[in-house]
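Listed below, chain by chain, are the residues.
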Amino acid sequence: MKESITIRFIRAVRRTIAAHQMIGEGETLLVAVSGGPDSMALLHVLQELTDGLDFRLGVAHLNHGLRPGAAEADEAFVCRIAAAMGVPYFTETADVPAIRKARRQSVEEAAREVRYRFLSDVAETNGFTAVALGHHANDNAELVLMNLLRGSGPHGLSGMAPKRVLLSAGPGQKAIHLIRPLIGIHREDILAYDAENGIPSIMDQTNSDLRYRRNRIRNELMPLLRNRYNPNIIDTLNRTAEILRSERHWILSRLPLDHDDPDPAERVELPRSHICRVHPAEARQHIRTALQKAKGNLRRIGFRHIESVMALAARPEASGSLDLPDRIRVTACGEKIFFAKESHPLRQIHPRAGDDGPAYFEHVLPAPGSLFVPEAGIFLRADILPPGTRPDYRNAGHRTAFFDMEAVTFPLTVRSPKPGDRFTPLGMAGRQKVKKYFVDHKIPPARRARCPVLESGGRLVWLMGCRIDDSVKITTGTQQVLKIEFNLA
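All of these numbers come straight from a predicted model, not from anything done at the bench.

If you look at the biggest cluster of nonpolar residues, it comprises 33 residues, and the most contacted ones within it are F9, V13, I23, L29, V45, L46 and L57. Those elements giving two or more residues to this core turn out to be α1 (5–19), β1 (28–32), α2 (37–53), β2 (56–63), α3 (70–85), β4 (130–132) and α8 (187–197). Counting residues per element, this core draws most heavily on α2, which supplies seven residues. Aside from chain neighbours lying at most four places away, what touches L29 is I23, L46, F55, R56, L57, G58, F128, A130, V131, A132 and I179.

Rendered as structure tokens:
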């Protein structure tokens, strides 16, 4: 006799819970319920499993303040369901639009941070030992694909962990875990389970809004990949994520630092010489761990930030600092690199009109590679092109410059313009003050203080975003080309 959808579904969830040791005997589990089909299926199946696995449930629902009227109806729906089930429930309303504006974040990023803060607060205050989310195999595949398109490394391509620490409940207390019991199940099976059991749910219309990248991947790119390239794309991406997650965990387990310690720290330090001595892959993992502990998470921290810390560690100077997202300051002092979250906002990367501008800054790029210049809000990359390569000037844009490698000497310095700076703009014969160049090209004063200059051997070779010096231009005798480009943070 053919098994019902419900029996197969419950068996699959039970296997996932057992495989990842998600729920222990006597635990209290807080279920994040939006009211959508996924979270409603999660709540229903967990209630079915409570007797056999001996745990208790609670429901948490956050009103993000994004859909007036509809959001209040969603909240009322979830509260009715929880009350009918005899399950305690917890709700909160947040003003995500205001938070997003204050923090200069995207809607998705602000909503995610507020949601996890709400869940961790409810869990810690009310004694829940774990928080369950309704993420499934399709969600995980979409995240892996989105991170791939963004250029993520092994961490991003590992997708969603079936189980991870949400927060540590303090010294001597058990950590609160975040679990995903549906992570191995396709969304089609979730919808079938809801239909067979008559589980009510509500649909969030923003899930079809193609202004959001995640929705475009879900509704446009993923169907294309499934229909035209790989009908098993969901399983393929989940398998890739699982392999990378397992290998990354193995790598971290062999490093001397405690990468599994979830507790944040006011200040984290690393030996400067160690970062420079070990393999770059190991150095990056150490830096990521230090940032994780100082910041509490790695959101908004990308590869270029990590590379900037590595460049800071390699600087010949005994001291220096970097300002990274979310008030994280990285300081080199003697033989140590310190990571700390400041209590006050750091210097504005994108100041308001009328601001007097940042203090003088100076950063060194010791060799070809990457450099983060927080005061100017840019990431710089220098690469030596293969011999014989000719630059594509037509498509380069003003943020890219090409230099005769023999005319440029490392280390390079990126700094603020100074009074008296002079250079010979490409195509001109005589030297000109940078100030006069600004005036002649109608660059407003508010922008001038934040227009970096690039120095080589003590001479200005590029007024970045404007013009290179004529002495470093590509000629018919050029043997090798140095390409330098920058992008806004």
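The next subject is the packing of aromatic side chains. Applying the stated criterion across every chain yields a total of six aromatic pairs. Seen in terms of ring centroids, F9 and Y193 are 4.0 Å apart; in terms of plane orientation they differ by 15 degrees. Their pairing is stacked. Residue F9 is located in helix α1, and its partner Y193 is located in helix α8; the two are separated by 184 residues in the primary sequence. The pair formed by F9 and Y193 is uniform in burial state, with each residue classed as buried. Their ring planes at 65 degrees and their centres at 5.7 Å tell us that F423 and Y437 sit as a pair that is edge-to-face. Separated by 14 residues along the polypeptide, F423 in strand β16 (residues 422–423) and Y437 in helix α14 (residues 434–440) bring together distant segments of the chain.

Before going further, it helps to spend a moment on the pairing of strand β18 (residues 453–456). Going residue by residue along β18, you find V453 and E455 tucked away on one face and L454 and S456 tucked away on the opposite face as well. In terms of strand pairing, strand β15 (residues 412–415) meets β18 through four bridges, oriented antiparallel. Looking at the pairing, V414 lines up with L454 of β18. Of the strand pairs in this sheet, β18 and strand β19 (residues 459–463) are connected by four bridges, and their pairing is antiparallel. Note that in β19 the partner of L454 across the bridge is W462. Hairpin connection, β18 to β19: the antiparallel pair is bridged by two residues, and G457 has positive phi, about 60 degrees.

With the rule as written, the count across this model stands at 19 salt bridges. One salt bridge connects R67 with D204, and the closest N-O pair in it is separated by 3.4 Å. Of this pair, R67 sits in the loop between β2 and α3 while D204 sits in the loop between α8 and α9 (213–228); the two residues are 137 residues apart in sequence, bridging distant segments of the chain. Across the pair R284 and E307 runs a salt bridge whose closest N-O atoms are separated by 2.7 Å.

Take the confidence of the model for the protein next. When pLDDT is averaged along the protein, the result is 86, and 91% of the positions lie at 70 or above. Across the protein, the element-wise mean pLDDT spans from 71 in helix α15 (residues 445–448) up to 97 in α8. Residue range residues 347–358 is modelled with pLDDT below 50. Its contacts to residues more than four positions away, or to other chains, number 17 contacts.

Further remarks concern the side chain of T424. For T424, the location among the structural elements is in the loop between β16 and β17 (432–433). Discounting residues that sit within four places of it in the chain, T424 has contacts with A429, G430, R431, I468, D469 and D470.

Residues F410 and P411 are joined by a peptide bond in cis, for which omega reads 5 degrees. On the secondary structure map, P411 appears in the loop between β14 (400–404) and β15. Despite not being glycine, D54 shows a phi value in the positive range, around 55 degrees. Tracing the chain through its elements places D54 in the loop between α2 and β2. The backbone phi angle of R327 is positive, close to 65 degrees, even though this residue is not glycine. Along the chain, R327 falls in the loop between β8 (319–324) and β9 (328–333). Given a relative accessible area of 34%, R327 falls into the partly exposed group.

All right, on to the packing of α1 against α8 then. One can describe the packing of α1 onto α8 by two numbers: an axis separation of 9 Å at closest approach and a directional angle of 130 degrees. Relative to α8, the element α1 lies oblique. Pair α1 / α8 crosses with left-handed handedness. Residue-level inspection shows I5, T6, F9 and I10 of α1 in contact with α8, the latter providing D189, I190, A192, Y193, E196 and N197. Residue composition of the contact of α1 with α8, by class: six nonpolar, two polar and two charged.

Sheet architecture is open: six strands sit in the order β3-β2-β1-β4-β6-β5, paired in mixed fashion. Each edge of the sheet is formed by a strand with only one pairing partner; in this case those strands are β3 (89–93) and β5 (163–167). If you compare each strand with its neighbour and ignore which way they point, the axes differ by 25 degrees on average. For β5 and strand β6 (residues 176–179), the ladder comprises four bridges, and the chain directions are antiparallel. Bridging across to β6, R164 finds its partner in L178. Against the sheet, helix α5 (residues 107–126) makes contact with β1, β2, β3, β4, β5 and β6, and its axis sits at roughly 80 degrees relative to β5, the strand it touches most.

A surface patch of negative charge is lined by E25, E48, D51 and D54. Assessed through its relative accessible area of 39%, D54 is described here as partly exposed.

With that settled, the discussion passes to the packing of helix α6 (residues 137–150) against helix α10 (residues 233–253). Running from N to C, α6 and α10 point in directions that differ by 70 degrees, and their axes come no closer than 8 Å. Taken together, the axes of α6 and α10 lie roughly perpendicular to each other. Relative to α10, α6 is oriented so that their crossing is left-handed. In contact with A137, N138, N140, A141, V144 and L145 of α6, α10 contributes I234, L237, N238 and A241. For the contact of α6 with α10, the class distribution of residues is seven nonpolar, three polar and no charged.

Parameters at a glance
Residues numbered from 1 in each chain as written. Predicted model: local features only at pLDDT ≥ 70, side-chain atom pairs only at ≥ 80, totals over all residues. Heavy atoms only, no water. Core = buried A, V, L, I, M, F, W, Y, C linked by side-chain atoms within 4.5 Å. Buried < 20%, exposed > 50% of the residue type's maximum accessible area, 1.4 Å probe, protein only. Helix = DSSP H or I, 4+ residues; strand = E, 2+ residues; numbered from the N terminus. Contact = heavy atoms within 4.5 Å. Phe/Tyr/Trp six-rings, centres within 6.5 Å; stacked < 30°, edge-to-face > 60°. Pairing = 2+ DSSP bridges. Salt bridge = Lys/Arg side-chain N within 4 Å of Asp/Glu carboxyl O. pLDDT = per-residue confidence, 0-100. Axes fitted to C-alpha atoms, helices over the stretch in contact; angles between N-to-C directions. Parallel < 35°, antiparallel > 145°, perpendicular 65-115°, else oblique. Left-handed = near helix turned anticlockwise from the far one by under 90°. Nonpolar A, V, L, I, M, F, W, Y, C, P; charged D, E, K, R; others polar. Patch = residues over 30% accessible without salt bridge, like charges linked within 9 Å, V, L, I, M, F, W, Y side chains within 5 Å. Areas by Shrake-Rupley, 256 points an atom, 1.4 Å probe, with all protein chains shown as cover. Lys, Arg positive; Asp, Glu negative; His and termini not counted. Charge placed at Lys NZ, Arg CZ, Asp CG, Glu CD.

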